[in-house]
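This is what each chain is made of:
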Amino acid sequence: MKEKFNEDEVWGDLGNGNKALEDGDMLMLLSVCFSSQEVFRTAILQPGPPEGFALQTVQEVIKPQKGTKLVQDENQLLENILRTLLQELVSSAVQSGEQIMQYGQSIDDGEATRGHIPRLLDVVLYLCEKEHVEGGMIFQLLEDLTEMSTMRNCKDVFGYIESKQDILGKQELFARGKLVMLRTCNQLLRRLSKANDVVFCGRILMFLAHFFPLSERSAVNIKGVFNTSNETKYEKDAPDGISIDFNFYKTFWSLQEHFCNPASLTLAPTKWQKFTSSLMVVLNTFEAQPLSDEEGDANNLEESANFSIKYLTSSKLMGLELKDPSFRRHILVQCLILFDYLKAPGKSEKDLPSESMKEEIKSYEEHVKKLLEMTPPKGKSFLHKIEHILEREKNWVWWKRDGCPPFEKQPIEKKMVQDGAKKRRPRWRLGNKELSQLWKWADQNPNALTDPQRLQTPAITEYWKPLAEDMDPAAGIEAEYHHKNNRVYCWKGLRFSARQDLEGFSKFTEYGIEGVVPLELLPPEERSKYTPKQNDRSKRAKKEETKGAAHQVEENQLQIATVANEIDGEGLRTDVGAFVAPLDTDNTATVGNMSQGNSPMADEHQKQSSDTDGGQEAGQLEDDAEVDAEGDAGMIDGEMEAEVDLDPIG
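About the cut-offs
Residues numbered from 1 in each chain as written. Predicted model: local features only at pLDDT ≥ 70, side-chain atom pairs only at ≥ 80, totals over all residues. Heavy atoms only, no water. pLDDT = per-residue confidence, 0-100. Helix = DSSP H or I, 4+ residues; strand = E, 2+ residues; numbered from the N terminus. Contact = heavy atoms within 4.5 Å. Core = buried A, V, L, I, M, F, W, Y, C linked by side-chain atoms within 4.5 Å. Buried < 20%, exposed > 50% of the residue type's maximum accessible area, 1.4 Å probe, protein only. Patch = residues over 30% accessible without salt bridge, like charges linked within 9 Å, V, L, I, M, F, W, Y side chains within 5 Å. Areas by Shrake-Rupley, 256 points an atom, 1.4 Å probe, with all protein chains shown as cover. Salt bridge = Lys/Arg side-chain N within 4 Å of Asp/Glu carboxyl O. Expected span 1.5 Å × (residues − 1).

Undergrad: For this particular structure, what's the right way to read the confidence of the model for the chain?
TA: Should pLDDT be low for a region, the predicted coordinates there are not to be read in detail. Put simply, the chain has an average pLDDT of 76, and 69% of its residues get 70 or more. Taking the mean pLDDT of every element in the chain, the minimum, 40, falls on helix α28 (residues 569-596) and the maximum, 95, on helix α6 (residues 137-148). Confidence drops under a pLDDT of 50 for residues 24-29, and excluding neighbours within four residues, the segment shows nine contacts in the predicted structure. Every residue in residues 569-650 scores below 50 in pLDDT, and together they form 27 contacts with partners more than four places removed in sequence or on other chains.

Have a look at this one:
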C-alpha cells in the first residue's frame, strides 16, 4: 500500500486504463466514487434551474484542468460516475416499486415536480448544451436508461426524450449522439410488439423523422430492397366442413407472394401471367359481391380505433372477411401500390415493363379504382386520398434516384457594400433589357422587321384548323388539351375573324369561341350545331333593317335642324338684339323711377309691358322656325321620294 494517497494520480491511472492498482488504491478509488456520487445526489436535490449549480458540482468532483471544459480523460471519468449513479437510482426505484421517472423526492424547480432521474438528466443535458462536457454523454445515459427499464417505464423515458427533442437536435449535440440515438430507438423497436404496441412504435418513428434531417441516408432504402422474409402463411389443403370455394381461398392469399416482392414480376413473364390471372379472379369476385351502404356503416373505419397489421388467413374466416370493407380496401390498395411501383419513373430502361404490360397495368388499375370507388363508406373520398398519396410518392422516387440530395438550402450571405461603392443600375436605351436587345438586333439586321414572312397575316381557315380538329369527335382529343383553353390563341383568332369574317365573328356571343370557326372546316355532324336557323336569320335581318331605318330617321332630323338653324341664324340674331334693347331701356327707366319716388305701380306697369313684348317676340321666332322646318322637311321628303321612285326604274 502506498504511504500517501494522491486522488488526481488515481483518477489519471483509471482514465488511462492502468489496471495495476493495488488493493488499497482500489478501495480508496471506490470511496472517492461514492463520495462523488453523493455530491451529485445532493446537487440534484437543489431547487432552481441547473444553471445555478451544475458547473460548480462538476468542478468540485473532477477538478478540471481547463476550469470550465473537461478534457477527454476527465469526460470519461465523469461519464463513469454518472452511469453508476443512474444505475443505483434505477435499482432503488425498482425496489421501492415506483416508476423510475417519478422516483425520489419531489423537487419544485419553478415549473414542474420532477423525480431524481429526470433531474439528473436535466443537469447533464445542460452541461452538454453549454459544451462543458462531451456532447454525447447525455445520449449514452439515455441508452443505458432504456436498457435498464421495462417497456412500461420506457414509455415515460421516451416521453422525456420527446420533450427535449429541440435541444437534442442542436447541431453540436446531434453530430456527437445521432448514432447512439438511432441505436437506442432501433433497440426499442425490436423489443416492442408490432401488433400490441402500434402507437408506441409510431411515436418512435415520428421522433426519428423529426430528429434526423430529410436528407439523412440512414433512414432511406436506397437500393429498394424488399422484405421477402415477411411471408403470409395460409392453408394448402382444404379442411373439412368449409362453406367457401377453397380454390378461391388459395388464389386470393397467393397474391401476397407477389405483393411481397414486386420486382420479380418484371423479370419472369410466367409470374406476371399467374399474378394477372389470380388478380382477375379476385377482382371479379369483389365486383360480383358488392357491399351495401349498411355493411359499410357497420364497419366505419373512421370511428374504429383498432387497426391490424396483418389479417388472419383461416379459411373459416374468408366469408366474413369478404364482407369487411376495410379488408377489401387493404387488398385493393396493395394492388395500386404494386402498379405504381411497376410504373415508377426512377427505374432504368431495362427494368421498365414492356408496352403490352403497360397496357395491362392500365386496365387493371382502372378496374381496381372503380372497385375502390364502389366500396362504402365514402369510396370516392378514399380513392381521392390514395391517389394523392401515390402522386406524392413519385417525388420521393425521383429524389432517391438522384442520390438523395439535401433539401436544406444554405442562407445566402449578404455582401457588405461600402459607402459610395454602390453599383448603379444599368441604363437601357429603350427602358428595359428586352426592348433594347430587340432594337439592337434590328440595327444589325434591318430586314428582320420588314420580312414579308413576318408580316404575313394567316387566313382564318388556316388559323382555325387546330381548333376544328379538336372539335371533331373522331380525333378523340381530350377537352383539357383543346386549343380553346389557350387564351392567347383565342384572342388572336377573334382579331383575325373581326377583320376577315365578320359574320363568323358575330357568332361568338351566341356559340362562344367554337362558333367563330368557319363552317367548311367542321365535320357535317358538328356543322349543324353552329349553323343559324332560317327563322333566326330573318329575325336578325328584320332587326338590322329596323335599326337602319331608325338611324336614318335620326340623321334626317339632325340634318333638318342643322339647315333650319343655318337659314334662321341671321334673323334670330336681329330679333334677339331688338328684344334685348327694350329690356335694357325698361330696366333703366325702372331704376330711375325707383330712385325718384319708388312707385310700385310704375314698376308693375313696366314689368307687364316687358313680359308682353318678350312673349310676342318669342312667339314670332317659334312660328318662323316651324314654317322653315316644314319647308325644309318637304324639300327633303320630296328628294327622298324621288330617289325611291327612281331606283326601280334605274
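Here the narrative resumes, following the displayed structure.
Undergrad: When you look at the nonpolar core in this model, what are you seeing that I'm missing?
TA: Across soluble globular proteins, nonpolar side chains have a tendency to be buried as a group. Leu78, Ile117, Ile138, Leu145, Leu168 and Met181 are the most contacted members of the largest nonpolar core, which totals 56 residues. Looking at this core, the elements with two or more residues in it are α2 (23-44), α3 (54-62), α4 (72-96), α5 (116-129), α6, α7 (151-163), α9 (171-191) and α10 (198-211). Here this core gets nine residues from one element, more than from any other, and that element is α5. Residue contacts for Leu78: discarding those within four places in its chain leaves Phe40, Val58, Ile62, Leu70, Val133 and Met137. Grouped together as the second largest cluster of nonpolar side chains are 35 residues, Tyr234, Leu265, Leu322 and Ile331 included.

Undergrad: What is the right way to look at a nonpolar patch on the surface in this model?
TA: On the surface, Leu430, Leu435, Leu438, Trp439 and Trp441 cluster together into a nonpolar patch covering about 510 Å² of accessible area. Along the chain, Leu435 turns up in helix α19 (residues 433-444). The exposure class assigned to Leu435 is partly exposed, which follows from its relative accessible area of 41%.

Undergrad: Is there a simple way to think about α5 in this case?
TA: Residue pairs spaced three or four apart in an α-helix point in one direction, given the helix's 3.6 residues per turn. Here α5 contains 14 residues, and its C-alpha end-to-end distance of 20 Å stays within 8% of the 20 Å for a straight helix at 1.5 Å per residue. For α5, the buried fraction is high: 13 of the 14 residues fall into the buried class. Two residues or fewer past α5, Glu131 is found with a positive phi of approximately 65°.

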